Amino acid sequence: AAAAVLPVPSKTAATWNPLTAFKSCMKRYACFSGRAGRSEYWFYVLAWVLIWMACVMVDACLFMAMPITEATFWVVTFIPSMAVAWRRMRDSGLCGAHSLWDFIPFVGEIAVLILACRPSSGPNKYGEAPADPVE
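Residues numbered from 1 in each chain as written. Predicted model: local features only at pLDDT ≥ 70, side-chain atom pairs only at ≥ 80, totals over all residues. Heavy atoms only, no water.

Caption draft 1: Quick look at the state of the cysteines. Scanning the model with the defined rule gives zero disulfides in all. Free of any disulfide, Cys31 has its nearest cysteine sulfur in Cys25, 9.9 Å distant. (Disulfide = S-S within 2.5 Å.)

Caption draft 2: Looking closely at the side chain of Ser92. The topology assignment puts Ser92 in the loop between helix H3 (68-91) and helix H4 (107-116). Separated by 3.0 Å, the side chain of Ser92 and the backbone oxygen of Met89 make a polar contact. Once residues within four sequence positions are removed from consideration, Ser92 is found in contact with Leu115, Arg118, Pro119 and Ser121. (Helix = DSSP H or I, 4+ residues; strand = E, 2+ residues; numbered from the N terminus. Polar contact = N/O pair within 3.5 Å; in protein donor to acceptor, adjacent residues only side chain to side chain. Contact = heavy atoms within 4.5 Å.)

Caption draft 3: Spatial organisation of the side chain of Asp59. Along the polypeptide, Asp59 turns up in helix H2 (residues 38-62). Buried and unpaired, Asp59 has Lys23 as its nearest opposite-charge partner, separated by 25 Å. Within the structure, Asp59 has its side chain in polar contact with the backbone nitrogen of Glu70 (distance 3.0 Å). (Buried < 20%, exposed > 50% of the residue type's maximum accessible area, 1.4 Å probe, protein only. Lys, Arg positive; Asp, Glu negative; His and termini not counted. Salt bridge = Lys/Arg side-chain N within 4 Å of Asp/Glu carboxyl O.)

Caption draft 4: Up close: unusual backbone geometry. Positive phi, close to 50°, is recorded for Met64, a residue that is not glycine. Along the chain, Met64 falls in the loop between H2 and H3. Using a relative accessible area of 74% as the deciding quantity, one classes Met64 as exposed. A positive phi angle, close to 65°, is found at Phe106, a residue other than glycine. Position of Phe106 relative to the elements: it lies in the loop between H3 and H4. Of the residues examined, Phe106 reaches a relative accessible area of 64% and is grouped as exposed.

Caption draft 5: Examining H4 more closely. Listed in full, the buried residues belonging to H4 are Gly108, Val112, Leu115 and Ala116. Looking straight down H4, one finds that the buried residues subtend no more than 100° of arc, so they occupy a single side. Residues of H4 that are exposed and point over 90 degrees away from its buried face: Val107 and Ile114. For H4, the elements touching its buried residues are H2 and H3. (Arc of directions from axis to C-beta.)

The analysis is restricted to geometry; functional conclusions fall outside its scope.
This is the structure we're talking about:
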């Protein structure tokens, strides 16, 4: 009897999800060069918000709402968050310094939100379009 031959799965690029985006941004902790596509940026933001909410719940349950884990999380992720926002601005063809608008309460945060929604601009002066993650 002939043995059935199963196709070998090809090694292809993974797709962005909150976990891969968060891990990618943490690995590139202080990398302000290059570009970050919309998927990488927004999945990182989603993961950040979910983890932050978990930290708030831990603080509420264990530390009588003192923001111990929340503050620790914020300190640990401050530079990676700034770096991915910087790279996102560059991906849309803007100078990365536009991400600094985020330090202006309310108005600046809305401006960065709007600018982060801009589409990628293809190859630009900041390099080639960002690649998908690789497993």
